[in-house]
Amino acid sequence: MESPRKVATALTIAGSDSGGGAGIQADLRTFAFHRVHGTSALTALTAQNTLGVTRVDVMPPESVAAQMEAVVADIRVDAAKVGMLVNREIISTVASRVKALGLTPLVVDPVMVSRAGSRLIADEAVEALRDLLLPLATLVTPNRHEAQLLAGLELHTLADMEEAARRIHRLGPRAVLVKGGAMPGALRGTDVWFDGQRLETLHLASVETPNTHGTGCTLSAAVAANLALGHELLEATRLAKEYVTRALQHPLAVGRGNGPIGHFFPLLGS
């Protein structure tokens, strides 16, 4: 029998998707694809499928903290990501534990508004995320609507995306990736990356598919996985975009609605 293999490890702090396309489930698949051992702290249990969400049960903040502490007490965490945090109490708890446990690098997917523009959390939770969590982030990855909310700016052009990235960077994260998946026309699929010095436009060909469920979760998890593997931040972001694009090119025929991307596309064959 071979000796146990040492591998990179990552922690996801997010909600569970019973349909398997997003949230913790997508994160763990993404970690596994990158040969990174995935650990988790669940913030909420959702009853959902490809047609929508029918119920959300929020975990007690003490439970979220205990999950984080249990992982760190025994398992080295090379990188972490944050997804759906639901409310101010959980955001505050996660922020305090991130600081106390020294969780870095930290990728923050600020789950506040869906790609379609539906608001997901209350104003007080938005304020908590902005004030408590963003200053701890190595990278924050807002979509168009979340960037508008954080920057106080409507996004219609590439110049708007660049200005939003600058404004969000002033809130404290080391770097910002404003995602263009919900941008109009030719900007769809174009992201803007800013770290206070370098302003980069990252563009890959847009993939035409209705099966995009879990792309935001997957992108942030892929960045975290690549950081855990030792890649520099911008390179980790580029590699994550490439992975998500490939997964979008291999969507799964699952359910009757907005289905998931193919996280394990190499195993699907031709």
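This report concerns the structure included in the present document. (Residues numbered from 1 in each chain as written. Predicted model: local features only at pLDDT ≥ 70, side-chain atom pairs only at ≥ 80, totals over all residues. Heavy atoms only, no water.)

### Regarding the packing of aromatic side chains
How we decide: Between 30 and 60 degrees the pair is tilted, below 30 it is stacked and above 60 it is edge-to-face, where a pair is any two Phe, Tyr or Trp rings, Trp via its six-membered ring, whose centres lie within 6.5 Å. Numbered from the N terminus, helices here are DSSP runs of H or I no shorter than four residues, and strands are runs of E no shorter than two. Accessibility here uses a 1.4 Å probe with only protein chains present; expressed as a share of the type maximum, an area under 20% marks a residue as buried, one over 50% as exposed, and anything in between as partly exposed.
Under the counting rule described, the total for this entry stands at 3 aromatic pairs. Between Phe33 and Tyr243 the ring centres are 4.5 Å apart and the planes differ by 40°, which places this aromatic pair in the tilted class. A residue pair is termed long-range when its members are at least 10 positions apart, and Phe33 in helix H1 (residues 23-33) and Tyr243 in helix H8 (residues 233-248) qualify at 210 residues. Ring centres of Phe33 and Phe265 lie 5.4 Å apart, and the angle between their planes is 40°; on these two criteria the pair is classed as tilted. One end of the pair, Phe33, is in helix H1; the other, Phe265, is in the segment after H8, and 232 residues separate them in sequence. The class for Phe265 is buried, based on a relative accessible area of 7%.

### Thoughts on H8
The criterion, for reference: An expected span of 1.5 Å times one less than the residue number is assigned to each helix. Note on contacts: a residue pair qualifies if any of its non-hydrogen atoms lie within 4.5 Å across the two residues. Definition of a polar contact: a pair of N or O atoms within 3.5 Å, with one able to donate and the other able to accept a hydrogen when the atoms are protein atoms, and with sequence-neighbouring residues admitted only if both atoms are side-chain atoms.
Here H8 is 16 residues long and its end C-alpha atoms lie 23 Å apart, about the 22 Å a rise of 1.5 Å per residue gives. Within H8 the residues assigned to the buried category are Leu233, Leu234, Ala236, Thr237, Ala240, Lys241, Tyr243, Val244, Thr245, Ala247 and Leu248. Elements that come into contact with the buried residues of H8 comprise H1, strand E6 (139-140), strand E7 (175-178), strand E8 (190-194), strand E9 (199-203) and helix H7 (215-228). Its side-chain oxygen placed 3.2 Å from the backbone nitrogen of Leu234, Glu232 serves as the N-cap of H8.

### A word on the pairing of E7
The test is simple: Strands are treated as partners if at least two bridges between them are detected by DSSP.
Side chains Ala175 and Leu177 project from E7 onto one buried face, and the interleaved Val176 and Val178 project onto a second face that is buried too. Sheet topology note: the E6/E7 ladder contains 2 bridges and is parallel. Residue pairing across strands places Val140 opposite Val176, the latter belonging to E7. Direction of pairing for E7 relative to E8: antiparallel, over a ladder of 3 bridges. Paired with Val176 across the bridge in E8 is Phe194.

### Considerations on a nonpolar patch on the surface
Heads up, the condition is: Only residues whose relative accessible area exceeds 30% and that form no salt bridge are eligible for patches; like-charged ones are grouped when within 9 Å, while nonpolar side chains (Val, Leu, Ile, Met, Phe, Trp, Tyr) are grouped when within 5 Å. Note on areas: Shrake-Rupley with a 1.4 Å probe; residue coverage comes only from the protein chains shown. Any carboxyl oxygen of Asp or Glu within 4 Å of a side-chain nitrogen of Lys or Arg constitutes a salt bridge here.
A grouping of Val53, Val56 and Val58 is seen on the molecular surface, where their side chains present a nonpolar patch of about 220 Å² in accessible area. By secondary structure assignment, the location of Val58 is in strand E3 (residues 52-58).

### Re the nonpolar core
Worth spelling out the cut-off: What is meant by a nonpolar core is a set of buried Ala, Val, Leu, Ile, Met, Phe, Trp, Tyr and Cys residues, joined one to another through side-chain atoms within 4.5 Å.
Grouped together as the largest cluster of nonpolar side chains are 44 residues, with contacts concentrated most on Ile13, Met68, Leu85, Val94, Leu155 and Ile168. The next biggest cluster of nonpolar side chains, apart from the first, holds 30 residues, and it includes Ala10, Leu139, Leu202 and Leu234.

### Looking at the pattern of salt bridges
Under the counting rule described, the total for this entry stands at 11 salt bridges. Glu163 is the partner of Arg167 in a salt bridge, and the nearest nitrogen-oxygen pair spans 3.0 Å. Within this pair, Arg167 and its partner Glu163 are both found in helix H6 (residues 158-169), separated by 4 residues, close to a single helical turn. In this structure Arg167 comes out as partly exposed when scored by relative accessible area, which is 28%. When its relative accessible area of 26% is taken as the criterion, Glu163 is described as partly exposed. Within the structure, one salt-bridge network assembled from shared partners comprises Glu163, Arg166 and Arg167.

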